Structures are given as structure tokens and as C-alpha cells.
Amino acid sequence: MDSIRSSQITKAIQRISESVFVGLCRKVGTSQVVAMRRDMMDIEEMVLNPMITSDEFSGMLSGSYKEGLRLKGSDIDTMYWPNNHRVIWDLSQSQYYNTQRQTLILCDCSDSPPGFTLLYLLSPSMYRQIQRACVRMNDRYYVSSSKYTQSLIYSFPPPYNATLHGPCASGKIGTLEYDYAFCFVSDFWPPSASPWIDRCHTWPKPHVFDDIVKNGCHFVAIGHKLRNHEDHEWRISFSQAEQELLYIMNHCQFLTYGLLKLILTEIINNRVGDDDKLLCSYHMKTAVFWVIQQNAKPHWCPQNLLGGFWVCFKLILKWVYEGFCPNFFIPGNNMFLSKIHGVKQHQLFRRLSKLYEKGLAFLLHSPSIRSFIIDVLYNPRNFICTDDHTLISEDAFDIYLFGELKRFYIRIGKVDIQICIRYLHTIEQMIGSPLLTQYQVIWLQNMTARVLQYTAFIIPDTPDNKLSYRADKMSCHMLKLAAKFGCITYMLYIAMYYYKTLRYTEALSIIEIIKVKLAQPYVIYRSNVDTEMYTEAVGIQSWSTKMRQALALHIRLHNDIIYISELIPEQQSALQNHFLLLIVPPFILLHMLEIVCYRHVDTVRVQTALDDLQNLVHYDQGQYIPLRHRHSSYIRLIPLQYRDISWQILGICQQVTGNLQAALYSYQQSLRQEPTHKIQTATEMRILSLSMDSLN
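Draft legend 1. Just the packing of helix α24 (residues 603–619) against helix α25 (residues 643–656), in detail. Direction vectors running N to C along α24 and α25 enclose 155°, while the axes themselves pass 10 Å from each other. The angle between α24 and α25 places the two elements in the roughly antiparallel class. The interaxial crossing formed by α24 with α25 has left-handed handedness. For the pair α24 and α25, the contacting residues are L610, L613, Q614, V617 and H618 in the first and R643, S646, W647, I649, L650, C653 and Q654 in the second. Tallied by class, residues from the contact of α24 with α25 come to seven nonpolar, four polar and one charged.

Listed below in C-alpha cells is the structure:
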């Protein structure tokens, strides 16, 4: 009887594991979705690196987004280091460098804990930032980590509205967090990480192992909090190695990491103050690395997902009990030492112990996967398909893919013609490469369209009639090319350009074409799509065709560029608050263009267009003006709330058509919304102007 009961329990756990596997594929992504995300992040890094770096600096993307995750709290980290500085571990390694061109820095680990080091400058640096960051100790000049970060944050292009946070310049674009970390690089593997080399018997495979060791390591500008040299020490970083290890995980192993991150966010750290969030996703990642390498769970498959998760969770519990979390590459580096000790350590252990005592039932506290466990418990005989290719429909995958395309933006300070030319030149060099994946090709196509429309609006104007004619012709050609390569709503940029150049009739004709295209039932806007109609219209077509015929995206107005003169105060207000873009629902912008154009050619039809816009803003329930993104696993770079700009545009249209009382009401409504676009200054100025007019 005991053996029968044990067999039944094993089968039940296997079925629950399969169901959770399916749930995680929907939340985290199937292997196909994760591969697509990584491919797009790789091509983005290849294209953007020449823009965000220079002859002096190199950069590398890292963080959860680079890994392929799109969970709440996922971020993009970018590491930067000077090209002509190299860190060595002993003086004999200097023979590999031309010291006339390379400034060498020597590691001094003599008085630092494992995983940390001081950086001793062997020869003067040509960079003022590094010169200012040097401190004198024991008749040597060391590069101070804290001084280096402070000297660089104001001289290197950080994220918009960035603030200094630890070793990084941190900022936000919408809800996505960006960290820019200032580093140094070494071409050599750290001697203190040599034990890791001895452990690599079965994982990773030799070719991956060789690649990791060959790429050396980085040094991040943060010291050990419990030592005397906190402000001057540097932490040894293995971000590049960790990225390679994540890429070679099978999908079940990667989902185990995703499940640990979900449990951390939704259960362990849920309703806990920031000071009490002692565990972080890096601890989760480290646990998965150790379990895989030690072969503690040999069979990683959907039926065994919860078994692998449980092994990792018990390892974390053991670490908390002992107060020692060994770094995967340098085990002597206790990653709990500065934060998880004393009373807080005991409190965390008790909290985790209570979860452990509940067994796998504690997963029911996770909103993301609860329903998948309950479904198996209530329907134990239901068939569960874990085949990756059948877990996601064509239209659902396309929504994920198009979600990735939304995330790209021109991320360098003020957009100018030279930057756009460099983008286009970089794309031209890549197009046609046989090494590109199908995902990277569609990413490049979308990027080409976006850069073309940026370029069209910033071609310099000139008083010379002949040159002005050529510039106008070039802008029109670029916008038509962008519309040819890009999605449906890229045609709106043509209409904006026609309006800007006083060609109102031409703009209205484009608007009518866009209306017809957007009215098709198979069009994807956000996650809204008629699946049957979509499959019938563009099913099995290339992604290029799908994007051009069936995708509508938000309109991004770069605040350095004038598109519609009526929106200049809003763009200026946003820029003052370090906000790069106005992101407008296409249906809102379409009606606005219609109204401002009809003012000049057909005053009778202005009121009809205004009524359409008013009905849309007043009565839309999130279909055309997003309230909140429905799928937390989708990319959340762009703002999640658009009603501030929508009410503002309605007010502008009412004001220019003479309906001042209605305009005042709309501006007041704009102020009551979530201040997504940071346009409150413009709103308040417009309200003040209307109030002054009414007094006069």
C-alpha cells in the first residue's frame, strides 16, 4: 500500500510540475519566445554599441532583459569601461600590452576580502575622470571606486533623469529601470577564481568553459561594506560569464530560475519594506548555477520542474541558516556577509522555514502560478501538453515578438543628423549577413523605419530654395520608406510632416488611408486582436508582411523634434523633467491631425472630427487609450498610462477650435491623471492662459 501511495504522490507531483511548467511558459516565455528575446537583445547590442560607446569606451548589456526575462522588476544593466585601460593580476602580464597605448592597472588583493580588490595605477592615465578619482595610499596611486563613479556620471551619457545609486547611474524609462555601471576590464581570469576551473568537469561544456575563461572579468565600482576601503575597493564581476551560463541552460533550468524570481517577488519579498528585502535575484541565479554544476538534480524536464525548484530552495534555506552564500566563481566571497547576519538573518530563516514546512503548497501563495496548480488538483485527469511548439499560438507569439519591437528607442541624448546617419550606416553593414536570425532581421527592419522617420524630421532647413526643395523631397522619401518598412501607424508620420509643411489636403488623404487600415479586424494593437481574422488575413505570412499590414504601435514623439506646433509646450515641459518621449495612442493623434488640418480646409468637418475625439477620450474603456498593460510578461518600457496626454490633446483641439470652457475641463482632467509624460507645467500654463482670457 505504501508503495502504491508513494507512486500516486509521485505522479501527482509530476502532473503539478507539468502544469506549473506550462504556466511559467506563459509567464516567463516558451523556449522559442526566450530565444527570440535574446536574439533581439543581441542585435540591439550590436547596433547600439557603436552609438552608446566611442573610441574611448566600450559597453555591454546585462541584467534580466538581456537574459530573456520580462518579469516585474526586470531591468537592463549596461557596463562601460575605458578601452585603453587594462587590469592585470601580476606584472608579468604587462608583456602582452603596448604600454605606450595602454594604461595598465594592477590588482592589489592583499588587504581585500575574496571577490574584491584595490586597483593600483601603474602609470598616469590620460583621462581627467580617472586622474580625479585617484587616491594616494602607501606611496601608490589607487583608483577610488566611489570617486570614479562620481566623476563619470556627469561626463558620460547616463539614462535620462539618472541619479547616482551605488556603483551605477540609475534611471527609468516608463517602468523599466536602467543601470549604467562604470567598470574596468581584465583580459585574464582572476587567480582567486581558479577553483571554479577545477570544478568544471561536466558543466559547462569545454567550448563554453574556454570562452568564459578567455573573456576574463570586469571590476564594478563598489567596495565591501564591512571593510576599511569600502570607498576605494572594486568588486570582481563575472556578468559576461553568467550570461553565457544562462544561455546554455535548458529551458526547464531557465524556468526554474524564473520560478525562483517569481517566488522571491510574490512571496518572500511581498509586503516587505526595502530594508527587509535581504534576498535578491542574484542569490536565486547563484543557487541554480550551484545545483546544476553539482548535478544535485540530474533530470531537468517538465515533469521534474518542482523537484529542481525544491533543491534550489533548500540550498538557499541552508545558506541563510549558515549565513554564508558562496559566490559561484569565488566561493570564499560570502555574498550574505554585509546584509544577512544577526537578527535579520534569524528573521529571514524563520520566514523561509515556515514556507519550507508547508512544502510545495506554499507555491499557492504565488498569484502567477496558483491557478495552474489548482487546475490540476480539480482536474487530475486532464491532459497537459508541455511541447514547446504547441504551447503558444501564432498570434500570441507574434504579440510577444511585436512587443519586443516596441522597446527600441533612440537612446542618445539629443537626436541629431549624425547619430541617425551612424545608425543607418551600422544597419547597412549588417543587412544581408547570413549569421542574422529571422528575429534579428525583423528587428533591423523595424529599426530602419524608426531611424528613417527620425531623420526625415531633423534634416536641416535652409533659406536656399533649391536646397530646401531637395531637403523636403528627401524627407518625404524617407517617411514613405519608413511607412513601407514599418507598421501601419508609421504612415501617421507622413501626415504629421505634411501638416508641418502646410500641406493639409495631402495630410488628410493620408489620414483617410490610415483610418481604413486601422479599421481592419485583424490588426494587432497592444494585445487586442481577433485571432481568427488575424490568422485568415496574415497567417503563415512573413513577420515583415505581418508588421506592415497588421500591426499598430503607439506614436513616439521625440521631444527634441518638432512634429506638431500645437504640442511644443508639452514637449518642452516633458524635456524639463528629463522625459525623452511623448507616447501617444495612434487613434488620439489621428483625430488631432484631422482636426488641425480641417481648420484650414473644411471648417464644417472640424466639429465632426472633434466630436469623434471627445467621444474617444470620454468613453474609451482601455481599448484605444491603454489604462494598464494586461500582460505583465510583455515589455514594459513604454508608460502604462496614456490618459494624461489624451486629455491634454483633447483640450488643445477644443481650445484651437474656440471651445474654451470644454478645453479648461479637459486640461483639469489631464492634471488628475497619472503624470506619465511629465506635462503638468504645460497643462498649468494652458489653464492659466484660459483663465486670463476669461477675465479679459
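Read on for the rest.
Draft legend 2. The packing of aromatic side chains, seen in detail. Tallying each qualifying case throughout the model produces 39 aromatic pairs. Where W290 meets F328, the ring centres are 5.4 Å apart and the plane angle is 85°; that geometry is what we call edge-to-face. Of the two residues, W290 is situated in helix α10 (residues 281–293) and F328 in the loop between α11 (305–322) and α12 (342–358); the sequence distance between them amounts to 38 residues. Judged by relative accessible area, which is 8%, W290 ranks as buried. F328 sits in the buried class, given a relative accessible area of 2%. Ring plane angle 80° and centroid distance 5.2 Å describe the contact between F328 and F329, whose orientation is recorded as edge-to-face. In this structure, F328 and F329 share a single accessibility class: buried. It is R38 that lies over the ring of F254; its NZ or CZ is 4.7 Å from the centre. Between R140 and the ring centre of Y120, over which it is positioned, the NZ or CZ distance is 4.3 Å.

Draft legend 3. Structural detail: the pairing of strand β1 (residues 57–62). For β1, a buried count of five out of six residues is recorded, marking the element as mostly surrounded by other parts of the structure. Sheet analysis places β1 next to strand β2 (residues 75–82), joined by six bridges and oriented antiparallel. By the bridge assignment, S58 is partnered in β2 with W81.

Draft legend 4. Region of the structure containing the side chain of R37. By the element assignment, R37 lies in helix α2 (residues 31–52). Of the side chains with opposite charge, E404 comes closest to the buried, unpaired R37, at an N-O distance of 4.1 Å. A distance of 2.9 Å separates a polar side-chain atom of R37 from the backbone oxygen of G68.

Draft legend 5. Up close: a nonpolar patch on the surface. A contiguous nonpolar patch, built from I374, L377 and Y378 and spanning about 350 Å² of accessible area, is present on the exposed surface. Topologically, I374 is positioned in helix α13 (residues 370–378). The class for I374 is partly exposed, based on a relative accessible area of 30%.

Draft legend 6. Layout of the pattern of salt bridges. Within this structure, the stated rule accounts for 16 salt bridges. For K546, the salt bridge is made with D398, and the minimal N-O distance between the two is 2.9 Å. Of this pair, K546 sits in helix α21 (residues 543–550) while D398 sits in helix α14 (residues 394–407), and the two are 148 residues apart along the sequence. In this pair, the class of K546 matches that of D398, namely buried. Among the ionic pairs, E570 bridges to R686, the shortest N-O distance being 2.7 Å. Of the two residues, E570 sits in helix α22 (residues 568–576) while R686 sits in helix α27 (residues 680–695), which places them 116 residues apart along the sequence. Since its relative accessible area comes to 14%, R686 is described here as buried. Taken together, the shared-partner salt bridges connect D42, E45 and K66 into one network.

Draft legend 7. Quick look at the packing of helix α23 (residues 586–601) against α24. Packing of α23 against α24 leaves a shortest axis separation of 8 Å and a crossing angle of 160°. Relative to α24, the element α23 is oriented roughly antiparallel. The interaxial crossing formed by α23 with α24 has left-handed handedness. Here F587, I588, H591, E594, I595, Y598, R599 and V601 of α23 come into contact with α24, specifically with T603, R605, V606, A609, L610, D612, L613, L616 and V617. Of the residues assigned to the contact of α23 with α24, the class counts are eleven nonpolar, two polar and four charged.

Draft legend 8. Looking closely at the nonpolar core. Within the largest apolar cluster, 112 residues are counted, with the highest numbers of intra-cluster contacts made by L401, M496, Y563, I564, L593 and I649. Considering every element that reaches this core, the biggest residue donor is helix α16 (residues 438–458), with twelve residues. When near neighbours in sequence (up to four residues on either side) are disregarded, I564 contacts M496, Y499, L589, M592 and L593. By size, the runner-up hydrophobic cluster in this structure holds 111 residues, among which are A133, F219, A221 and W300.

Draft legend 9. Up close: the environment of V33. Mapped onto the elements of the fold, V33 is located in helix α2. Residues V33 and F219 lie 186 residues apart in sequence; the distance between their C-alpha atoms is 32 Å. Among residues more than four places away in sequence, those in contact with V33 are I392, F397 and Y400.

Draft legend 10. Broad picture of the confidence of the model for the protein chain. This prediction gives the protein chain a mean pLDDT of 88; 92% of its residues lie at or above 70. Every residue in residues 629–640 scores below 50 in pLDDT, and together they form 50 contacts with partners more than four places removed in sequence or on other chains.

Rules used in this analysis
Each chain has its residues counted from 1, running along the sequence as written. Whole-chain, interface and lining totals are the exception, using all residues; otherwise, since this is a predicted model, local features are given only for residues with pLDDT of at least 70 and side-chain atom pairs are given and counted only at 80 or more. For side-chain calculations, the full set of non-hydrogen atoms in the structure is used, while hydrogens and water are omitted. In this description, a line fitted to the C-alpha atoms serves as the axis of each element, helices being fitted only across the stretch in contact, and the angle between N-to-C directions of two axes falls anywhere from 0 to 180 degrees. Strands are runs of DSSP state E lasting at least 2 residues, helices are runs of H or I lasting at least 4, and numbering of each runs from the N terminus. Under this scheme an angle from 65 to 115 degrees is roughly perpendicular, one under 35 degrees roughly parallel, and one over 145 degrees roughly antiparallel; angles in between are oblique. Whether a crossing is left-handed or right-handed is set by the direction in which the near helix is turned from the far one by less than a right angle, anticlockwise for left-handed and clockwise for right-handed. Every residue pair with non-hydrogen atoms within 4.5 Å of one another is taken to be in contact. Charged means Asp, Glu, Lys or Arg here, nonpolar means Ala, Val, Leu, Ile, Met, Phe, Trp, Tyr, Cys or Pro, and polar covers whatever is left, Gly included. Here the aromatic set is Phe, Tyr and Trp, taking the six-membered ring for Trp, and pairing holds for ring centres within 6.5 Å; pairs whose planes are under 30 degrees apart are stacked, those over 60 apart are edge-to-face, and all others are tilted. Only protein chains enter the accessibility calculation, which uses a 1.4 Å probe; a residue is then buried when its area is under 20% of its type maximum, exposed when over 50%, and partly exposed in between. Any Lys NZ or Arg CZ found within 6 Å of a ring centre and within 35 degrees of that ring's normal is scored as a charge over the ring. For two strands to be treated as a pair, DSSP must find at least two bridges joining them. Lys and Arg are tallied as positive, Asp and Glu as negative. Neither His nor the chain termini are counted. Counted as salt bridges are all cases of a side-chain nitrogen of Lys or Arg within 4 Å of a carboxyl oxygen of Asp or Glu. Think of a polar contact as two N or O atoms within 3.5 Å of one another; within protein, one of them needs to be a possible hydrogen donor and the other a possible acceptor, and neighboring residues in sequence only count if both atoms come from side chains. Residues form patches when they are more than 30% accessible in relative terms and have no salt bridge. Like charges link within 9 Å. Nonpolar side chains (Val, Leu, Ile, Met, Phe, Trp, Tyr) link within 5 Å. The method behind every accessible area is Shrake-Rupley, applied with a 1.4 Å probe, and residues are considered shielded solely by the protein chains displayed. In these notes, a set of buried Ala, Val, Leu, Ile, Met, Phe, Trp, Tyr and Cys residues joined through side-chain atoms within 4.5 Å is what counts as a nonpolar core. pLDDT is defined as a per-residue confidence score from the predictor, taking values between 0 and 100.

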